[in-house]
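Geometric and topological summary
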Amino acid sequence: MDIPMDGAAASASLRVRVNRERCQGHARCVALAPELFEVDDFGEAREIADGWVSSTLEGKAWLARANCPELAIDIERAGEAA
Ligand code: F3S
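Our subject in this report is the structure included herewith. Please read all numbers here as calculations on a predicted model, not as lab measurements. (Residues numbered from 1 in each chain as written. Predicted model: local features only at pLDDT ≥ 70, side-chain atom pairs only at ≥ 80, totals over all residues. Heavy atoms only, no water.)

1. Description of the environment of Ala49
With respect to the helices and strands, Ala49 occurs in the loop between β3 (45–47) and β4 (52–53). Distance from Ala49 to Phe37, taken between C-alpha atoms, is 9.0 Å for residues 12 residues apart in sequence. (Helix = DSSP H or I, 4+ residues; strand = E, 2+ residues; numbered from the N terminus.)

2. Regarding the nonpolar core
Core analysis: the largest hydrophobic core is formed by 17 residues, its most contacted members being Leu36, Phe37 and Val53. Looking at this core, the elements that each hand over two or more residues are β1 (14–18), α2 (58–67) and β5 (73–77). Among the elements that line this core, the one with the most residues is β1, at three residues. Beyond its immediate chain neighbours, meaning those up to four positions away, Leu36 contacts Arg46, Glu47, Ile48, Trp52, Val53, Leu57, Lys60 and Ala61. (Core = buried A, V, L, I, M, F, W, Y, C linked by side-chain atoms within 4.5 Å. Buried < 20%, exposed > 50% of the residue type's maximum accessible area, 1.4 Å probe, protein only. Contact = heavy atoms within 4.5 Å.)

3. Focus: unusual backbone geometry
Unusually for a residue other than glycine, Ala27 sits at a positive phi of about 65 degrees. Here Ala27 is to be found in the loop between β1 and α1 (28–32). Here Ala27 falls in the partly exposed class, since its relative accessible area comes to 31%. Backbone geometry at Leu71 places phi at a positive 55 degrees, although glycine is not the residue there.

Encoded structure:
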């Protein structure tokens, strides 16, 4: 996986992804990590900034993943296959 070297993504080592087929719109991810997730017009979550997580927000990324009742949040580490 290539990491873009611009903006906040420059130091990112994690990337979050919302599995849109699993997401049921519970919005816990948005409540716990509004810097990383937003809800679209259909009430489903999507990742902000293409999912790149700055080092200061890694804890929130894992917290959001652990609190999604649909297990709809995936986290990739830089260098891992998608
Ligand atoms: Fe969807 Fe889970 Fe967030 S169901 S809205 S990804 S808490």
